[in-house]
Amino acid sequence: MPSFDELRQILGRIDGRSYNAYHEIRGAFTLRSFTLFVDHVQGDPYAAPSKLRLRIDQDFAELPEELYDNPVRCLAFEDFLTRRVHRAICRDERSRAERRGSGKSGLVLVDVGGQEVLKRTATVLTPAWVEVRLEVGLPANGRRILGREAEQLLCNQLLAIAETSLVRPPVDEARHFVNCIENQEAIRNRLPSLGLIAFVGDGSRLPRESGASDQPLAGESAVAFEAPESLRVKIDLLHPIEIGGSVCRSIEGLGVGKGVTLIVGGGYHGKSTLLDAIERAVYPHIPGDGREWVISDRGLVKIRAEDGRRVEAVDIDAFIRNLPQGRSTTAFQSDDASGSTSQAASLVEALEAGASGLLLDEDTSATNFMVRDARMQALIQKEHEPITPFVERVRELHEALSVSTVLVMGGCGDYFDTADTVIALRDFLPLDVTEEARAIAANTSSSRQKEAVNPLGEIARRIPVRGSIDASRGRRQVSIRASSLDRIQFGRSEIDLRGVEQLVDRSQTRAIAAAIHFAAACFIDGDRTLCDVLDELDELFDNRGLDELDPFYRAGRHPGNYARPRRFEIAAAINRLRSLRMRQCEKRDS
Ligand code: ADP
Ligand code: MG
């Protein structure tokens, strides 16, 4: 393999030449235990930056194997290292406050995560080496190569960044991080056997800095979480942790049980903040986030109203039937769903994908989907109201389908009759008001009539129709792009994911976009159901990781920046694709 000396020579030779000459540095170069792979060279200094990988032999990096000896620890340690690389890049950038050159010249990027810890392609650990995948702006002045700057960047700065972040990192700090993530995953695995769908540890700090930031709210004003005695559970930890100077082998907090949990309380008392934390706790969080001891079942799915979304052949009959103009509700289709029909469709789609629990907030729900009180029942007779509100189905979901619900509902007491547990938030602290709510329900009838006529049946499986997912656009066979966290440009159509609240990382969005195309090419065959396709993708991710997702991927190359999405968010994106056509399978029980 060519050495770094050769790289220096090439850069010296092409100094001052036109940008195209950078193609000469494609390939791999070594220096002692380092190998630099230049996989892709950008077309000009303004284009997307070049893709490079930097690999360090373990003989030199000396990363302790115990920190990555199982999949969870490996995920955590890789994430820890990516964050170190990111910090080193930021420090380096500050030290050379001014980047020299045009466009993206001198830019160095690594795909680092936010508060959640996700499996990503940014860093890879093996017993033989550690590799970080970077994006680098090759320096130029206009279109003229700045060879000296390039040499300084590739041969000195990158190595320094990698060396300070990846070689012999502080083991105690690394172990703390890895153990914290493994603790969370161990608790998550145990939730079902404890009869829980979520856990909120005492001392958690749930509020965020602002509506636009996922950072913890700093300072005195954040009220630490404290579970009410009657709902407090104690869970053993895999690794002991230190709290306030003493070593703890277990952690206490609120156990959110299977069944129906209602979160009530006055406006601005922290209801939605608690639900948000539970929503995001399907992923592990970094130590210090304030939500690292909030842990949810992986199968919880947030359901909200999203008028205007597309819906394709979804059986929403359990919630909505007898629509005007005889529109089908057993295979409901709409290019512009209403608040209630969109929420019903999202709910049924989540069940189809295998959700174990549903999360709903009054703030983002359609009122008529949630409730229909006695007075409204008297005014608008059932035959003129297509909707069977969620209040009639929430218990059935649990009893017939073992699907739990956590529901924020400060404005309507009709749900008291349905709840196993009622938690009130007062001044941001939870109280157990289950008994009171029961007594009120027993003494003050809601006077509403039961309206559900048909029992909640099996969820209809749907088969995506081949050819209805097409990534081509104009002359390009494949044109897919995650333009932001919640927007995918897929071929000629745009997928709007603003209503998919548990998508937390743009690299997940990128992965979803690529996964849809991958699935269309490999799994969607007119026989497999959507659920089968999601199973195939999960298996692919489990066994082969995310490296192969890019449609133009070639083995041993920079794979692009991806983070693993859940099956629910992949399904949500497929379901919102406007060109999608689905065929329903016959139900087994009918
Ligand atoms: P609700 O849904 O009950 O109306 P929110 O959850 O939206 O209330 O919270 C209202 C405000 O209070 C938000 O700005 C939120 O950041 C803040 N908040 C929530 N929980 C806490 C807490 N534990 N400590 C301090 N502020 C909080
Ligand atoms: Mg709210």
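Residues numbered from 1 in each chain as written. Chains lettered and ligands numbered in written order. Predicted model: local features only at pLDDT ≥ 70, side-chain atom pairs only at ≥ 80, totals over all residues. Heavy atoms only, no water.

**A look at the overall build of the chain**
The line we're drawing: Helix and strand labels come from DSSP, where a helix needs a run of H or I of at least four residues and a strand needs a run of E of at least two; each type is numbered from the N terminus. Atoms considered for the radius of gyration are the C-alpha atoms alone. The globule rule reads 2.2 Å times the number of residues to the power 0.38. We call a residue buried when its accessible area falls under 20% of the maximum for its residue type, exposed when it is over 50%, and partly exposed in between, using a 1.4 Å probe and counting protein chains only. For this analysis, residues touch if any pair of their heavy atoms sits within 4.5 Å.
What the chain contains, in helices and strands, is 14 helices and 27 strands. In terms of overall dimensions, the chain is globule-like: its C-alpha atoms have a radius of gyration of 27 Å, near the 25 Å expected for 590 residues. Each principal axis of the C-alpha atoms in the chain carries an extent, and together these give about 85 × 65 × 40 Å. In the chain, which comprises 590 residues, the proportion classed as buried is 55%. Of the contacts made within the chain by residues no fewer than 6 positions apart, 73% connect residues no fewer than 24 positions apart.

**Focus: the domain arrangement of the chain**
The criterion, for reference: Per the annotation, domain bounds derive from an automatic or database assignment of domains. Buried area is a sum: the accessible area each of two parts loses on coming together, probed at 1.4 Å, counted once for each and added. Just to be clear on terms, a salt bridge is a Lys or Arg side-chain nitrogen sitting within 4 Å of an Asp or Glu carboxyl oxygen. In protein, a polar contact means a hydrogen-donor-capable atom and an acceptor-capable atom, both N or O and within 3.5 Å, with residues adjacent in sequence counting only if both atoms are side-chain atoms; elsewhere, any N or O pair within 3.5 Å suffices.
Segmenting the chain into domains produces domain 1 (4–169), domain 2 (300–443) and domain 3 (462–584). Inter-centroid distance (C-alpha atoms) of domain 2 to domain 3 is 29 Å. Counting each side, the surface lost to burial between domain 2 and domain 3 is near 1,800 Å², with a carbon and sulfur contribution of 39%. If you sort the residues of domain 2 by the area they bury against domain 3, Arg-310, Glu-312 and Glu-352 come out on top, with a joint share of 34%. The tally of links from domain 2 across to domain 3 stands at 4 salt bridges. Between Arg-304 and Glu-501 there is a salt bridge, and its shortest N-O distance comes to 3.1 Å. At the boundary of domain 2 and domain 3, one finds 18 residue pairs in polar contact (both at pLDDT 80 or more). When residues of the side of domain 2 that touches domain 3 are traced back to their parent elements, those giving at least two are β16 (300–302), β17 (311–314) and α7 (339–353). When residues of the side of domain 2 that touches domain 3 are assigned to their parent elements, the largest contribution, 5 residues, is made by α7.

**As for the coordination of the magnesium ion (ligand 2)**
The condition is simple: Each metal site is built from N, O and S donor atoms within 2.8 Å (3.2 Å for Na, K and Ca), and since water is not included, such sites may look incomplete.
In this structure, Ser-272 (OG) and Asp-363 (OD) serve as the protein donors to the magnesium ion (ligand 2), at separations of 2.1 to 2.2 Å. Note that Ser-272 is positioned in helix α6 (residues 271–280) and Asp-363 in the loop between β19 (357–361) and α8 (367–370), a separation of 91 residues in sequence.

**A short note on the side chain of Lys-302**
Inspection of the secondary structure puts Lys-302 in strand β16. Only 2.9 Å separates the side chain of Lys-302 from the side chain of Glu-501, close enough to count as a polar contact.

**Describing the site of ligand 1**
Spelled out, the test is: It suffices for a single heavy atom of a residue to lie within 4 Å of a molecule or strand for the residue to be listed as near it. Using a 1.4 Å probe, the Shrake-Rupley method yields the accessible areas, and only the shown protein chains count as cover for residues. When residue character is reported, Ala, Val, Leu, Ile, Met, Phe, Trp, Tyr, Cys and Pro are called nonpolar, Asp, Glu, Lys and Arg charged, and the others, Gly included, polar.
As a structural note, the neighbourhood of ligand 1 is formed by 13 residues, with Val-223, Tyr-268, Lys-271, Ser-272 and Thr-273 the closest of them. Here an oxygen atom of ligand 1 and a backbone polar atom of Tyr-268 are 2.7 Å apart. For ligand 1, an oxygen atom lies 3.1 Å from a polar atom in the backbone of Gly-270. A total of 560 Å² of accessible area belongs to ligand 1 in isolation, and the protein chains cover 79% of it. For the shell around ligand 1, the per-class residue count stands at 5 nonpolar, 7 polar and 1 charged.

**Some words on the pattern of salt bridges**
Inspection of the entire model under this criterion finds 57 salt bridges. The salt bridge involving Asp-111 is made with Arg-510; its shortest N-O contact spans 3.9 Å. With Asp-111 in the loop between β4 (108–110) and β5 (123–125) and Arg-510 in helix α12 (residues 506–522), this pair connects stretches of sequence that are 399 residues apart. The exposure class assigned to Asp-111 is buried, which follows from its relative accessible area of 11%. The exposure class of Arg-510 is partly exposed, given its relative accessible area of 24%. One salt bridge in this structure joins Arg-372 and Glu-451, with 2.9 Å as the shortest N-O distance. Taken together, the residues Arg-372 in the loop between α8 and α9 (374–379) and Glu-451 in the loop between α11 (434–443) and β23 (462–464) connect sequence positions 79 residues apart. Several salt bridges converge on common partners, so that one network encompasses Asp-39, Arg-53, Arg-55, Glu-131, Arg-133 and Asp-547.

**A look at the nonpolar core**
Heads up, the condition is: In plain words, nonpolar cores are sets of buried Ala, Val, Leu, Ile, Met, Phe, Trp, Tyr and Cys residues tied together by side-chain atoms within 4.5 Å.
The biggest cluster of nonpolar side chains holds 84 residues, and the ones touching the most others in it are Phe-319, Leu-358, Phe-369, Met-370, Phe-390, Tyr-415 and Leu-549. In terms of residue count, α12 provides more of this core than any other element does, 8 residues in total. Residue contributions to this core reach at least three from each of two domains, namely domain 2 (300–443) and domain 3 (462–584). Core analysis: the second largest hydrophobic core is formed by 57 residues, Ile-56, Phe-80, Val-130 and Ala-140 among them.

**Examining the packing of aromatic side chains**
Put simply, the test is: Working definition: a ring pair exists when centres of Phe, Tyr or Trp rings (six-membered ring for Trp) sit within 6.5 Å. Plane angles under 30 degrees give stacked, over 60 give edge-to-face, the rest tilted.
In this structure the tally under the stated criterion is 8 aromatic pairs. Relative to Phe-60, the ring of Phe-34 lies with its centre 5.8 Å away and its plane at 65°, an arrangement referred to as edge-to-face. Pair noted here: Phe-34 is in strand β2 (residues 34–40) and Phe-60 is in helix α2 (residues 58–61), with a separation of 26 residues, a long-range link. Residues Phe-77 and Phe-80 carry aromatic rings whose centres are separated by 6.1 Å and whose planes lie at 20° to one another, so their mutual orientation is stacked. Taken together, the positions of Phe-77 and Phe-80, both in helix α3 (residues 71–95) and 3 residues apart, correspond to about one turn of that helix. In this structure Phe-80 comes out as buried when scored by relative accessible area, which is 4%.

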